[in-house]
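# Architecture at a glance
Spelled out from the first residue to the last, the chains are:
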Amino acid sequence: MSLLLAEAAKEEGQEIFEALNEGLFRAYFTEGRNIGDPQVLRDVAQAVGVSAGRIGQAWSDAAYEKRLARDHEAAAEIGITGIPTFIVDGRWIIEGAVPVEMLREVAQKIASGKS
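Residues numbered from 1 in each chain as written. Predicted model: local features only at pLDDT ≥ 70, side-chain atom pairs only at ≥ 80, totals over all residues. Heavy atoms only, no water.

## Focus on the layout of surface pockets
Gaps left between atoms are located by rolling a probe of water-molecule size over the structure's atoms. Roughly 990 Å³ of volume is contained in the largest pocket. Lining the largest pocket we find 25 residues, and of these Leu-3, Leu-68, Ile-83, Pro-84 and Thr-85 sit closest to its centre. Mapped by element, the contributors of at least two residues to the lining of the largest pocket are helix H1 (2–9), helix H2 (14–30), helix H5 (62–77) and strand E1 (85–88). If one sorts the elements of the lining of the largest pocket by residue count, H2 sits on top with six residues. Along the lines of polarity and charge, the residues of the lining of the largest pocket split into 16 nonpolar, six polar and three charged. (1 Å grid on protein atoms, 1.4 Å probe; cavity = no way out; pocket = protein on both sides within 12 Å on 5 of 7 lines; lining within 4 Å. Points joined across faces, edges and corners; volume = space filled by probe spheres on them. Helix = DSSP H or I, 4+ residues; strand = E, 2+ residues; numbered from the N terminus. Nonpolar A, V, L, I, M, F, W, Y, C, P; charged D, E, K, R; others polar.)

## Things to note about the packing of aromatic side chains
Scanning the entire structure with this criterion turns up two aromatic pairs. For the ring pair Phe-25 and Phe-29, a centre distance of 5.7 Å and an interplane angle of 25° mean the geometry is stacked. Here Phe-25 and its partner Phe-29 are both found in helix H2, four residues apart, which amounts to about one turn of the helix. The pair Phe-25 / Phe-29 is uniform in exposure class, with both members exposed. (Phe/Tyr/Trp six-rings, centres within 6.5 Å; stacked < 30°, edge-to-face > 60°. Buried < 20%, exposed > 50% of the residue type's maximum accessible area, 1.4 Å probe, protein only.)

## Some details on the side chain of Arg-54
Tracing the sequence through the fold places Arg-54 in helix H4 (residues 52–58). Residue Arg-54 is classed as buried on the basis of its relative accessible area, which comes to 18%. Polar contacts involving the side chain of Arg-54 include one to the side chain of Glu-12, which spans 3.0 Å. (Polar contact = N/O pair within 3.5 Å; in protein donor to acceptor, adjacent residues only side chain to side chain.)

## Quick word on the nonpolar core
Grouped together as the largest cluster of nonpolar side chains are 18 residues, with contacts concentrated most on Leu-5, Leu-20, Leu-24, Val-44, Ala-45, Val-50 and Ile-55. Every element with two or more residues in this core is listed here: H1, H2, helix H3 (38–47) and H4. Ile-55 has contacts with Leu-5, Arg-42, Ala-45, Gln-46 and Val-50, leaving out every residue within four places of it along the chain. (Core = buried A, V, L, I, M, F, W, Y, C linked by side-chain atoms within 4.5 Å. Contact = heavy atoms within 4.5 Å.)

## Description of the packing of H1 against H2
Running from amino to carboxyl end, H1 crosses H2 at an angle of 155°, the nearest separation of the two axes being 8 Å. Between H1 and H2, the angle is such that the two are roughly antiparallel. H1 and H2 meet at a crossing whose hand is right-handed. Facing H1, whose interface residues are Ser-2, Leu-5, Ala-6 and Ala-9, H2 presents Ile-16, Phe-17, Leu-20, Asn-21 and Leu-24. (Axes fitted to C-alpha atoms, helices over the stretch in contact; angles between N-to-C directions. Parallel < 35°, antiparallel > 145°, perpendicular 65-115°, else oblique. Left-handed = near helix turned anticlockwise from the far one by under 90°.)

Functional significance is not addressed by these values, which are geometric in nature.
Written as structure tokens, this is what we have:
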């Protein structure tokens, strides 16, 4: 349900989409809330400005499920199996919860041309 909500939130704009994702991560990891609960999802979405109509549409419009299925297929085609996955510079694939330092090292290698 949260993935469908995030997909729908993209139509509210990048700022809302990012705020929703941040809100969902905070709700789950910091506040210990159940982001599988539709009411928790509604509360988080409303708090970051997702419209009530879009929230309802997220779970009733099959287009969002189709988009997620396409994204899943595309990820599988390039070998992505974990969440989160970072694709950096179109060639570095970093999967899973990695230390921030690892991301910094990759960024520094790319910036210095040592990739």
